[in-house]
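Architecture and fold: a report
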Amino acid sequence: MIVFDRLWETMAKKGVSTYHLREKCGIDSKTIRRLKANENVETKTLDKLCAVLSCRLGDIAEYRQDNL
């Protein structure tokens, strides 16, 4: 499972709000909701987040093995 806990930590460190993502970066509210719920998002969204935050993918997403 991919989780986005690191995204919120990176955003806090860099002073970027969800408002900034929506209004200045073109990431819609539905996508932000999906990120908060650790649901699927498109790779172009991940690319946009990395560009906006000047970070690497590992700074916003992490793989955690499911306990099946």
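For the structure itself, consult the block above.
In this text the structure is predicted, and so the values were computed from the model without any measurement. (Residues numbered from 1 in each chain as written. Predicted model: local features only at pLDDT ≥ 70, side-chain atom pairs only at ≥ 80, totals over all residues. Heavy atoms only, no water.)

In this section: the pattern of salt bridges. By the definition in use, this model includes six salt bridges. Here Arg-64 ties to Asp-5 by a salt bridge, and the two come within 3.0 Å at their closest N and O atoms. On the criterion of sequence distance, the pair formed by Arg-64 in the segment after strand 2 (62-63) and Asp-5 in helix 1 (residues 5-14) is long-range, its members being 59 residues apart. Note that Arg-33 and Glu-39 form a salt bridge whose closest N and O atoms lie 3.4 Å from each other. (Salt bridge = Lys/Arg side-chain N within 4 Å of Asp/Glu carboxyl O. Helix = DSSP H or I, 4+ residues; strand = E, 2+ residues; numbered from the N terminus.)

In this section: the environment of Asp-5. Overall, Asp-5 belongs to the partly exposed group, its relative accessible area being 31%. Separated by 19 residues in the primary sequence, Asp-5 and Lys-24 place their C-alpha atoms 22 Å from one another. Sequence-distant contacts of Asp-5, that is, excluding residues within four places in its chain, are made with Asn-38 and Arg-64. Among the polar contacts listed, one links the side chain of Asp-5 to the side chain of Arg-64, at a separation of 3.0 Å. (Buried < 20%, exposed > 50% of the residue type's maximum accessible area, 1.4 Å probe, protein only. Contact = heavy atoms within 4.5 Å. Polar contact = N/O pair within 3.5 Å; in protein donor to acceptor, adjacent residues only side chain to side chain.)

Before going further, it helps to spend a moment on unusual backbone geometry. The phi torsion of most residues other than glycine is negative, and most of the peptide bonds are trans. For Asn-38, which is not glycine, the phi torsion reads 55° and is therefore positive. For Asn-38, the location among the structural elements is in the loop between helix 3 (29-36) and helix 4 (43-53). With a relative accessible area of 22%, Asn-38 lands in the partly exposed category. With phi around 50°, Ser-54 is a residue other than glycine that occupies positive phi space. Within the fold, Ser-54 resides in the loop between helix 4 and strand 2.

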